[in-house]
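Given next are the chains, with one letter for each unit.
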Amino acid sequence: MSSVIVLYPEQPVVHGGRRATFLHMSRGEAIIRYWGGSHAVSVPPEALSLPPAKSAASRPHLAAHDEPIARELAERHPPPDQPAA
């Protein structure tokens with residue numbers, strides 16, 4: 001079973017283990033530019049894959065700068081049976 005990927009202009013892709021940018025389709029071929037390269041090349045679209053997703057485990061979960069953290073929320077809204085700090 002093969003997987004289908006949807007390609008859009010300027011999308012990062014991988015071809016033959018090299019990172020590239022998908023530019024467009026022409027005559028059934030995918031036109032890409034390898035990263036660091038200046039020339040576009042045509043390759044079969046089935047030879048393209050998406051780069052590996054960044055692992056969420058490698059990045060700590062951080063709250064947005066304007067998002068209150070749990071401790072701040074607890075201080076603002078203590079449970080009904082506890083006095084405010």
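Anyway, here's the lowdown on the structure attached to this text. Computed from a predicted structure; not experimentally measured. (Residues numbered from 1 in each chain as written. Predicted model: local features only at pLDDT ≥ 70, side-chain atom pairs only at ≥ 80, totals over all residues. Heavy atoms only, no water.)

Attention shifts here to the overall build of the chain. Within the chain, the regular secondary structure consists of one helix and five strands. Across the chain, helices and strands are ordered from the amino to the carboxyl terminus as β-β-β-β-β-α. A burial count over the chain gives 16% of its 85 residues as buried. Within the chain, contacts between residues at least 6 apart in sequence are counted, and of these 23% link residues at least 24 apart. (Helix = DSSP H or I, 4+ residues; strand = E, 2+ residues; numbered from the N terminus. Buried < 20%, exposed > 50% of the residue type's maximum accessible area, 1.4 Å probe, protein only. Contact = heavy atoms within 4.5 Å.)

Attention now moves to the packing of aromatic side chains. Under the defined criterion, the tally for this structure stands at zero aromatic pairs. The positively charged end of R18 is found above the aromatic ring belonging to Y34, 3.8 Å away from the centroid. (Phe/Tyr/Trp six-rings, centres within 6.5 Å; stacked < 30°, edge-to-face > 60°. Lys NZ or Arg CZ within 6 Å of the ring centre and 35° of its normal.)

With that settled, the discussion passes to the pairing of strand β1 (residues 11–15). Counting buried residues along β1, four of its five residues qualify, which places the element largely inside the surrounding structure. Hairpin geometry of β1 and strand β2 (residues 18–26) is characterised by an intervening segment of two residues between the two adjacent antiparallel strands and by a positive phi of about 60° at G16. Alignment of β1 against strand β5 (residues 48–49), held across two bridges, turns out to be antiparallel. Residue pairing across strands places H15 opposite L48, the latter belonging to β5. (Pairing = 2+ DSSP bridges.)

Our next topic: the side chain of T21. Here T21 lies in strand β2. One polar contact links T21 to W35, side chain to side chain, over a distance of 3.0 Å. With sequence-adjacent residues up to four places away left out, T21 is seen in contact with E10, Q11, V13, I31, I32, R33 and W35. (Polar contact = N/O pair within 3.5 Å; in protein donor to acceptor, adjacent residues only side chain to side chain.)

It is worth spelling out the sheet that holds strand β4 (residues 40–43) at this point. The five strands lie next to each other as β4-β3-β2-β1-β5, forming an open sheet whose pairing is antiparallel. Strands at the two margins of the open sheet, each flanked by one partner only, are β4 and β5.

Here we take up the nonpolar core. Of all hydrophobic cores here, the largest spans eight residues; its members are V13, A20, F22, A30, I32, Y34, V43 and L48. It is strand β3 (residues 29–34) that provides the largest number of residues to this core, a total of three residues. Look past the residues within four positions of I32 in its chain and what remains in contact with it is V13, H15, A20, T21, F22, L23, H39, A40, V41, V43 and L48. (Core = buried A, V, L, I, M, F, W, Y, C linked by side-chain atoms within 4.5 Å.)

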